[in-house]
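Reading the structure
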Amino acid sequence: MRQDLLAGRLRPGDALPTVREMAEQWKCTPGTVQQAYKELTRQGIAVSRPGQGTRIGSAPPSVVDSTPLRRATITHEAEAFLLEMLSSGYTVEETESGFRAALDRWRAAVAEAPPAGADVIRFAGSHDPAVSLLASRLPALCPGCVMQVRYAGSLGGLIALAEGAADIAGSHLWDEESDAYNAPFVRRLLPGRKVALLTLAQRRLGLIARPEDAERVNALPDLAA
(Lines give C-alpha, C1' and ligand atoms only; values in the text may rest on other atoms or scores of the structure.)
Protein backbone atom coordinates (compact mmCIF):
# COMPACT_ATOMS: atom_id res chain seq x y z
CA MET A 1 0.00 0.00 0.00
CA ARG A 2 2.94 2.31 0.62
CA GLN A 3 4.13 1.60 -2.92
CA ASP A 4 0.63 2.14 -4.31
CA LEU A 5 0.50 5.51 -2.53
CA LEU A 6 3.86 6.59 -3.96
CA ALA A 7 2.88 5.40 -7.45
CA GLY A 8 -0.42 7.28 -7.32
CA ARG A 9 -2.59 4.16 -7.48
CA LEU A 10 -3.94 5.11 -4.03
CA ARG A 11 -4.80 8.73 -3.34
CA PRO A 12 -5.46 10.65 -0.11
CA GLY A 13 -9.06 10.11 0.98
CA ASP A 14 -9.51 6.80 -0.87
CA ALA A 15 -11.40 4.15 1.10
CA LEU A 16 -9.53 0.90 1.75
CA PRO A 17 -11.21 -2.51 1.37
CA THR A 18 -12.72 -4.11 4.45
CA VAL A 19 -10.66 -6.48 6.57
CA ARG A 20 -12.59 -9.45 5.18
CA GLU A 21 -12.04 -8.36 1.57
CA MET A 22 -8.32 -7.86 2.13
CA ALA A 23 -8.01 -11.23 3.89
CA GLU A 24 -9.55 -12.92 0.85
CA GLN A 25 -7.31 -10.98 -1.52
CA TRP A 26 -4.09 -11.68 0.43
CA LYS A 27 -5.09 -15.26 1.35
CA CYS A 28 -4.39 -14.58 5.02
CA THR A 29 -6.26 -14.34 8.31
CA PRO A 30 -8.35 -11.25 9.21
CA GLY A 31 -6.04 -10.72 12.20
CA THR A 32 -3.08 -10.22 9.87
CA VAL A 33 -4.99 -7.56 7.93
CA GLN A 34 -6.02 -5.82 11.15
CA GLN A 35 -2.38 -5.66 12.26
CA ALA A 36 -1.39 -4.24 8.87
CA TYR A 37 -4.11 -1.59 9.07
CA LYS A 38 -3.02 -0.69 12.60
CA GLU A 39 0.56 -0.23 11.37
CA LEU A 40 -0.60 1.95 8.48
CA THR A 41 -2.59 4.06 10.95
CA ARG A 42 0.39 4.33 13.30
CA GLN A 43 2.57 5.54 10.42
CA GLY A 44 -0.04 8.13 9.44
CA ILE A 45 -0.73 6.57 6.03
CA ALA A 46 -4.26 5.49 6.95
CA VAL A 47 -7.00 6.97 9.13
CA SER A 48 -9.56 4.67 10.80
CA ARG A 49 -12.83 5.85 12.29
CA PRO A 50 -15.60 3.77 13.86
CA GLY A 51 -18.42 3.18 11.40
CA GLN A 52 -16.52 4.86 8.55
CA GLY A 53 -13.87 2.25 7.80
CA THR A 54 -10.26 2.98 6.91
CA ARG A 55 -9.12 5.60 4.41
CA ILE A 56 -5.81 6.78 3.06
CA GLY A 57 -4.56 9.78 5.02
CA SER A 58 -1.30 11.54 4.23
CA ALA A 59 2.04 9.91 3.57
CA PRO A 60 4.36 9.77 6.62
CA PRO A 61 7.74 11.54 6.54
CA SER A 62 9.49 8.20 5.91
CA VAL A 63 7.54 7.87 2.66
CA VAL A 64 7.67 11.49 1.60
CA ASP A 65 11.39 11.90 2.29
CA SER A 66 12.23 8.79 0.27
CA THR A 67 11.12 10.33 -3.03
CA PRO A 68 14.04 11.85 -5.00
CA LEU A 69 11.58 13.93 -7.04
CA ARG A 70 10.41 15.77 -3.91
CA ARG A 71 13.98 16.59 -2.86
CA ALA A 72 14.85 17.64 -6.41
CA THR A 73 11.83 19.98 -6.51
CA ILE A 74 12.91 21.73 -3.30
CA THR A 75 16.48 22.10 -4.61
CA HIS A 76 15.23 23.49 -7.92
CA GLU A 77 12.97 26.07 -6.22
CA ALA A 78 15.79 27.09 -3.85
CA GLU A 79 18.21 27.58 -6.75
CA ALA A 80 15.63 29.63 -8.66
CA PHE A 81 15.16 31.89 -5.62
CA LEU A 82 18.93 32.21 -5.16
CA LEU A 83 19.43 33.10 -8.83
CA GLU A 84 16.71 35.75 -8.60
CA MET A 85 18.40 37.35 -5.58
CA LEU A 86 21.87 37.26 -7.16
CA SER A 87 20.49 38.76 -10.37
CA SER A 88 19.00 41.59 -8.28
CA GLY A 89 22.44 42.43 -6.87
CA TYR A 90 22.31 40.63 -3.50
CA THR A 91 25.22 38.50 -2.32
CA VAL A 92 25.00 34.85 -1.30
CA GLU A 93 25.64 35.84 2.33
CA GLU A 94 22.83 38.46 2.29
CA THR A 95 20.40 35.98 0.75
CA GLU A 96 21.26 33.30 3.30
CA SER A 97 20.90 35.75 6.20
CA GLY A 98 17.50 36.97 4.98
CA PHE A 99 16.25 33.43 4.38
CA ARG A 100 17.30 32.31 7.87
CA ALA A 101 15.58 35.32 9.42
CA ALA A 102 12.37 34.46 7.54
CA LEU A 103 12.60 30.84 8.71
CA ASP A 104 13.03 31.97 12.31
CA ARG A 105 9.94 34.19 12.08
CA TRP A 106 7.90 31.30 10.66
CA ARG A 107 9.03 28.95 13.41
CA ALA A 108 8.17 31.55 16.05
CA ALA A 109 4.73 32.20 14.53
CA VAL A 110 3.90 28.49 14.43
CA ALA A 111 5.22 27.73 17.92
CA GLU A 112 3.88 30.87 19.65
CA ALA A 113 1.46 29.99 22.45
CA PRO A 114 -1.78 32.00 22.67
CA PRO A 115 -2.12 34.36 25.65
CA ALA A 116 -4.00 33.08 28.69
CA GLY A 117 -7.75 33.64 28.54
CA ALA A 118 -7.83 34.22 24.80
CA ASP A 119 -10.52 32.72 22.59
CA VAL A 120 -8.45 30.53 20.29
CA ILE A 121 -9.45 29.68 16.72
CA ARG A 122 -7.32 26.74 15.57
CA PHE A 123 -6.19 26.75 11.94
CA ALA A 124 -4.47 23.81 10.27
CA GLY A 125 -3.69 23.32 6.62
CA SER A 126 -1.83 24.73 3.66
CA HIS A 127 -0.22 28.14 3.81
CA ASP A 128 -1.68 31.03 1.89
CA PRO A 129 -1.08 34.80 2.27
CA ALA A 130 -4.78 35.15 3.10
CA VAL A 131 -4.23 33.03 6.22
CA SER A 132 -1.49 35.34 7.49
CA LEU A 133 -3.74 38.34 6.78
CA LEU A 134 -6.64 36.81 8.72
CA ALA A 135 -4.41 35.93 11.67
CA SER A 136 -3.00 39.46 11.87
CA ARG A 137 -6.39 41.21 11.62
CA LEU A 138 -8.44 38.86 13.79
CA PRO A 139 -7.75 40.67 17.13
CA ALA A 140 -9.12 43.93 15.66
CA LEU A 141 -12.24 42.19 14.33
CA CYS A 142 -12.78 40.04 17.42
CA PRO A 143 -11.20 41.47 20.59
CA GLY A 144 -9.71 38.73 22.73
CA CYS A 145 -9.60 36.27 19.82
CA VAL A 146 -6.40 34.68 18.57
CA MET A 147 -5.80 32.44 15.56
CA GLN A 148 -3.43 29.58 16.31
CA VAL A 149 -1.82 28.62 13.02
CA ARG A 150 -0.35 25.22 12.18
CA TYR A 151 0.83 24.57 8.65
CA ALA A 152 0.17 20.87 8.02
CA GLY A 153 -0.55 20.80 4.29
CA SER A 154 -3.94 20.71 2.58
CA LEU A 155 -4.74 17.10 3.43
CA GLY A 156 -3.35 17.43 6.96
CA GLY A 157 -5.68 20.36 7.58
CA LEU A 158 -8.78 18.41 6.55
CA ILE A 159 -7.72 15.43 8.68
CA ALA A 160 -7.21 17.76 11.67
CA LEU A 161 -10.68 19.18 11.09
CA ALA A 162 -12.19 15.69 10.91
CA GLU A 163 -10.42 14.67 14.13
CA GLY A 164 -11.49 17.80 16.02
CA ALA A 165 -7.94 19.14 16.21
CA ALA A 166 -8.77 22.28 14.20
CA ASP A 167 -11.64 24.72 13.76
CA ILE A 168 -10.63 25.89 10.27
CA ALA A 169 -8.75 24.02 7.58
CA GLY A 170 -7.01 25.54 4.57
CA SER A 171 -6.72 23.41 1.46
CA HIS A 172 -6.29 23.52 -2.30
CA LEU A 173 -6.71 19.89 -3.39
CA TRP A 174 -7.64 19.05 -6.96
CA ASP A 175 -9.63 15.89 -7.67
CA GLU A 176 -8.83 14.44 -11.09
CA GLU A 177 -12.05 12.44 -11.42
CA SER A 178 -14.44 15.33 -10.89
CA ASP A 179 -12.05 18.10 -12.04
CA ALA A 180 -13.00 20.03 -8.90
CA TYR A 181 -11.14 21.48 -5.95
CA ASN A 182 -11.61 20.63 -2.26
CA ALA A 183 -15.28 19.55 -2.20
CA PRO A 184 -14.61 15.90 -3.19
CA PHE A 185 -11.99 15.58 -0.44
CA VAL A 186 -14.31 17.16 2.12
CA ARG A 187 -16.99 14.60 1.24
CA ARG A 188 -14.51 11.75 1.62
CA LEU A 189 -12.90 12.86 4.87
CA LEU A 190 -15.94 14.39 6.59
CA PRO A 191 -18.86 12.27 5.38
CA GLY A 192 -22.20 13.44 6.74
CA ARG A 193 -20.62 16.39 8.57
CA LYS A 194 -22.07 19.86 8.16
CA VAL A 195 -19.27 22.10 6.92
CA ALA A 196 -18.94 25.43 5.10
CA LEU A 197 -16.60 25.88 2.15
CA LEU A 198 -15.36 29.45 1.75
CA THR A 199 -13.18 30.59 -1.16
CA LEU A 200 -10.55 33.10 -0.04
CA ALA A 201 -8.59 33.21 -3.30
CA GLN A 202 -8.67 31.88 -6.84
CA ARG A 203 -5.69 31.02 -8.97
CA ARG A 204 -5.43 31.49 -12.71
CA LEU A 205 -3.32 28.90 -14.48
CA GLY A 206 -1.98 29.20 -17.99
CA LEU A 207 0.99 29.78 -20.27
CA ILE A 208 2.90 33.04 -20.60
CA ALA A 209 4.28 33.49 -24.10
CA ARG A 210 6.16 36.21 -25.94
CA PRO A 211 3.90 38.62 -27.86
CA GLU A 212 5.06 37.22 -31.19
CA ASP A 213 4.14 33.67 -30.05
CA ALA A 214 0.85 34.50 -28.33
CA GLU A 215 -1.35 33.45 -31.26
CA ARG A 216 0.64 30.28 -31.94
CA VAL A 217 0.83 28.92 -28.37
CA ASN A 218 -2.56 27.77 -27.11
CA ALA A 219 -1.71 24.47 -25.39
CA LEU A 220 1.30 22.54 -24.09
CA PRO A 221 1.92 20.59 -27.36
CA ASP A 222 2.38 23.95 -29.13
CA LEU A 223 5.56 24.55 -27.12
CA ALA A 224 7.31 21.72 -28.95
CA ALA A 225 6.38 23.07 -32.38
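Everything numeric here is computed off the predicted structure, so don't read it as measured data.

**Topic: the overall build of the protein chain**
When its secondary structure is counted, the protein chain shows nine helices and seven strands. Looking at the protein chain residue by residue over its 225 residues, the buried ones come to 25%. If you sum the accessible surface of the protein chain, you get close to 15,900 Å²; carbon and sulfur atoms cover 56% of it.

**Description of the pairing of strand β1 (residues 46-49)**
Looking at chain direction, β1 and strand β2 (residues 53-56) are connected through four bridges and run antiparallel. Directly across from Ala46, in β2, lies its bridge partner Ile56. Here β1 folds back onto β2, and the loop between the two strands holds three residues, one of which, Gly51, carries a positive phi near 80 degrees.

**Describing helix α8 (residues 153-162)**
Of all 10 residues that make up α8, nine are buried, and the element is covered over most of its length. Buried within α8 are the following residues: Ser154, Leu155, Gly156, Gly157, Leu158, Ile159, Ala160, Leu161 and Ala162. In this fold, the buried residues of α8 make contact with β1, β3 (119-125), β4 (145-151), β5 (168-170) and α9 (183-189). Once α8 finishes, Gly164 follows within two positions and takes phi at roughly 80 degrees, a positive value.

**Section: the nonpolar core**
Core analysis: the largest hydrophobic core is formed by 11 residues, namely Val47, Leu155, Leu158, Ile159, Leu161, Ala162, Leu173, Phe185, Val186, Leu189 and Leu190. At the level of secondary structure, the elements contributing two or more residues to this core comprise α8 and α9. No other element matches α8, which puts five residues into this core. Among all residues touching Ala162, those that are not within four sequence positions of it are Arg49, Leu189, Leu190 and Arg193. If you look at the next biggest cluster of nonpolar residues, it comprises 10 residues, including Leu16, Met22, Ile45 and Ala46.

**Notes on the environment of Gly125**
Of note, Gly125 is situated in strand β3. With near-sequence residues (within four places) excluded, Gly125 lies in contact with Arg150, Tyr151, Ala152, Gly153, Ser154, Gly157 and Gly170.

**Overview of the state of the cysteines**
This model, assessed by the stated rule, comprises one disulfide. Between the sulfur of Cys142 and that of Cys145 lies a disulfide, 1.9 Å long from S to S. Residue classification places Cys145 among the buried residues on the basis of a relative accessible area of 8%.

**What about the confidence of the model for the protein chain?**
Here the protein chain averages 81 in pLDDT, and 85% of its residues register 70 or above. Within the protein chain, the lowest mean pLDDT, 47, falls on helix α4 (residues 61-64), and the highest, 92, falls on β5. Between residues 60-65, whose pLDDT stays under 50, and residues either more than four places distant or in other chains, the model counts 10 contacts.

**Thoughts on a nonpolar patch on the surface**
Together, Phe81, Phe99 and Leu103 give the surface a local cluster of nonpolar side chains, amounting to about 250 Å² of exposed area. Along the chain, the position of Phe81 falls in helix α5 (residues 68-87). The class of Phe81 is partly exposed, set by a relative accessible area of 35%.

**Quick word on the sheet that holds β3**
As summarised here, the arrangement of the three strands in space is β4-β3-β5, forming an open sheet in which the pairing is parallel. In this open sheet, the two strands that pair with only one neighbour each are β4 and β5. Direction aside, neighbouring strands of the sheet carry axes that sit 25 degrees apart on average. Helix α7 (residues 129-141) contacts β3 and β4 of the sheet and is inclined by roughly 160 degrees relative to β4. Across the sheet, α8 is in contact with β3, β4 and β5; its angle to β5 comes to roughly 165 degrees.

**What to know about the packing of aromatic side chains**
The full count for this structure, using the stated rule, is one aromatic pair. Seen from their ring centres, Phe81 and Phe99 are 6.2 Å apart, and the 45 degrees between their planes marks the pair as tilted. In this pair, Phe81 sits in helix α5 while Phe99 sits in helix α6 (residues 92-111), placing the two residues 18 residues apart along the sequence. In this structure, Arg188 is placed above the aromatic ring of Phe185, and the distance from its NZ or CZ to the ring centre is 5.0 Å.

Conventions used here
Residues numbered from 1 in each chain as written. Predicted model: local features only at pLDDT ≥ 70, side-chain atom pairs only at ≥ 80, totals over all residues. Heavy atoms only, no water. Helix = DSSP H or I, 4+ residues; strand = E, 2+ residues; numbered from the N terminus. Buried < 20%, exposed > 50% of the residue type's maximum accessible area, 1.4 Å probe, protein only. Areas by Shrake-Rupley, 256 points an atom, 1.4 Å probe, with all protein chains shown as cover. Pairing = 2+ DSSP bridges. Contact = heavy atoms within 4.5 Å. Core = buried A, V, L, I, M, F, W, Y, C linked by side-chain atoms within 4.5 Å. Disulfide = S-S within 2.5 Å. pLDDT = per-residue confidence, 0-100. Patch = residues over 30% accessible without salt bridge, like charges linked within 9 Å, V, L, I, M, F, W, Y side chains within 5 Å. Salt bridge = Lys/Arg side-chain N within 4 Å of Asp/Glu carboxyl O. Axes fitted to C-alpha atoms, helices over the stretch in contact; angles between N-to-C directions. Phe/Tyr/Trp six-rings, centres within 6.5 Å; stacked < 30°, edge-to-face > 60°. Lys NZ or Arg CZ within 6 Å of the ring centre and 35° of its normal.

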